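# Overview (structure and organization)
Residue-level listing of the chains:
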Amino acid sequence: MLSNLNIIKAEFYNFAFIIKIIFTTIFSLIVFNSCKNQKIISAASKKPLVVFLHGYGGNKSNFKMISENLNNDFDILLLDGFKRLNKTSFSWGTVNYDSITNTWFEKKSNMYSIFKLRDFFKNENRTIILVGESQGASIGYSLVLNYPEKFKYLIAINGYVDNKLLINKYKPDYSNTSILRLNGSNDFVINKDMVNSSTAILDSLTISNSLVFHSENHSYSSAEVDLINMWIGNLNSTLYEKN
């Protein structure tokens, strides 16, 4: 009797393992194809590429107000997060507030998105400007701090630097890095301690960053859109002068 139970138990675990492998494979293919299908910009283009990363539960249409205001000097890429929450909502990984560390993002799933984005842009040799909101802003911080040779410019809207998502054990060259930070003065999601901690990290790495507080809590208004467009325009002028 015990022998039969052990056989049934072993078969159950084998079945569960096979299901897990199938699910993981399917999910990886969905993620790969999601990235692949959204890369619609010509590889021959020399224009700076502005990449938009939405917040948790959002989608690429969240940036319509900003992206439509950019002129023809830029190519634009709006991405949906790799994890589908429902028909129109996506994320870049699991979100679960930890009151002990005062952080939001589970490491493994969010790092998975960071690695996928790194690989997605590995053959891009032109300037990449990241624009992220909330979770997308924190993913953007991680890309810039982990891979400054590829990602030099970031507009972080209502985000923070999450230490768990940083992998560098050395100090890279951040001399060309520039970050515009927009945070709500009364944000109920990204609190002042998160903002101050981010400032300390960026300043310790001597990264050029400008922090602007706005009154829209965990959102943004047309005033922030104007500021974003002005910052991107000034950056483009600087890049043009360098070339």
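Going by the structure above, here's the rest.
Everything in this summary refers to the structure shown in the same document. Fair warning: this is a prediction, and the values are worked out from it, not measured in the lab. (Residues numbered from 1 in each chain as written. Predicted model: local features only at pLDDT ≥ 70, side-chain atom pairs only at ≥ 80, totals over all residues. Heavy atoms only, no water.)

### Re the overall build of the chain
- Along the chain, the regular secondary structure elements total 6 helices and 10 strands.
- A buried classification covers 46% of the 243 residues belonging to the chain.
- Counting contacts in the chain only where the partners sit at least 6 residues apart, residues at least 24 apart contribute 75% of the total.
- Total accessible area on the chain is roughly 13300 Å²; 56% of this is exposed by carbon and sulfur atoms. (Helix = DSSP H or I, 4+ residues; strand = E, 2+ residues; numbered from the N terminus. Buried < 20%, exposed > 50% of the residue type's maximum accessible area, 1.4 Å probe, protein only. Contact = heavy atoms within 4.5 Å. Areas by Shrake-Rupley, 256 points an atom, 1.4 Å probe, with all protein chains shown as cover.)

### Some details on the sheet that holds strand 7 (residues 128-133)
- The strand order 2-1-7-8-9-10 describes an open sheet built from 6 strands, whose pairing is parallel. Unpaired on one side and paired on the other, strand 2 (75-79) and strand 10 (208-214) mark the two borders of the sheet. Pairs of neighbouring strands in the sheet enclose a mean axial angle of 15 degrees, with direction left out of account.
- Pairing analysis gives 5 bridges linking strand 1 (residues 49-53) to strand 7, with the strands arranged parallel. In the sheet register, Leu-49 faces strand 7, and the bridge partner there is Ile-128. (Pairing = 2+ DSSP bridges. Axes fitted to C-alpha atoms, helices over the stretch in contact; angles between N-to-C directions.)

### Some points on the environment of Trp-92
- Here Trp-92 lies in the loop between strand 4 (90-91) and strand 5 (95-98).
- In the structure, Trp-92 is positioned 17 residues away from Ser-109 in sequence and 7.5 Å away in space, judged by C-alpha atoms.

### Regarding unusual backbone geometry
- Positive phi values are uncommon outside glycine, yet Asn-158 reaches one of about 55 degrees.
- At Asn-217, a residue that is not glycine, the phi angle is positive and equals roughly 55 degrees.
- When its relative accessible area of 31% is taken as the criterion, Asn-217 is described as partly exposed.

### Some details on the pairing of strand 7
- Burial within strand 7 is extensive, with 6 of its 6 residues counted as buried.
- Burial of strand 7 is two-sided: the residues Ile-128, Leu-130 and Gly-132 facing one way and the residues Ile-129, Val-131 and Glu-133 facing the other way are all buried.
- Taken together, strand 7, helix 4 (residues 135-146) and strand 8 (residues 153-157) constitute a β-α-β crossover, and its handedness is right-handed. (Right-handed = clockwise from strand over helix to strand, strands pointing away.)

### Focus: the pairing of strand 8
- A large share of strand 8 lies buried, amounting to 5 of its 5 residues.
- Because side chains alternate across strand 8, one face comprises the buried residues Tyr-153, Ile-155 and Ile-157, and the other comprises Leu-154 and Ala-156, equally buried.
- In this structure, strand 7 lies alongside strand 8, joined through 5 bridges in parallel fashion. Within strand 8, the position partnered with Gly-132 by the bridge is Ala-156.

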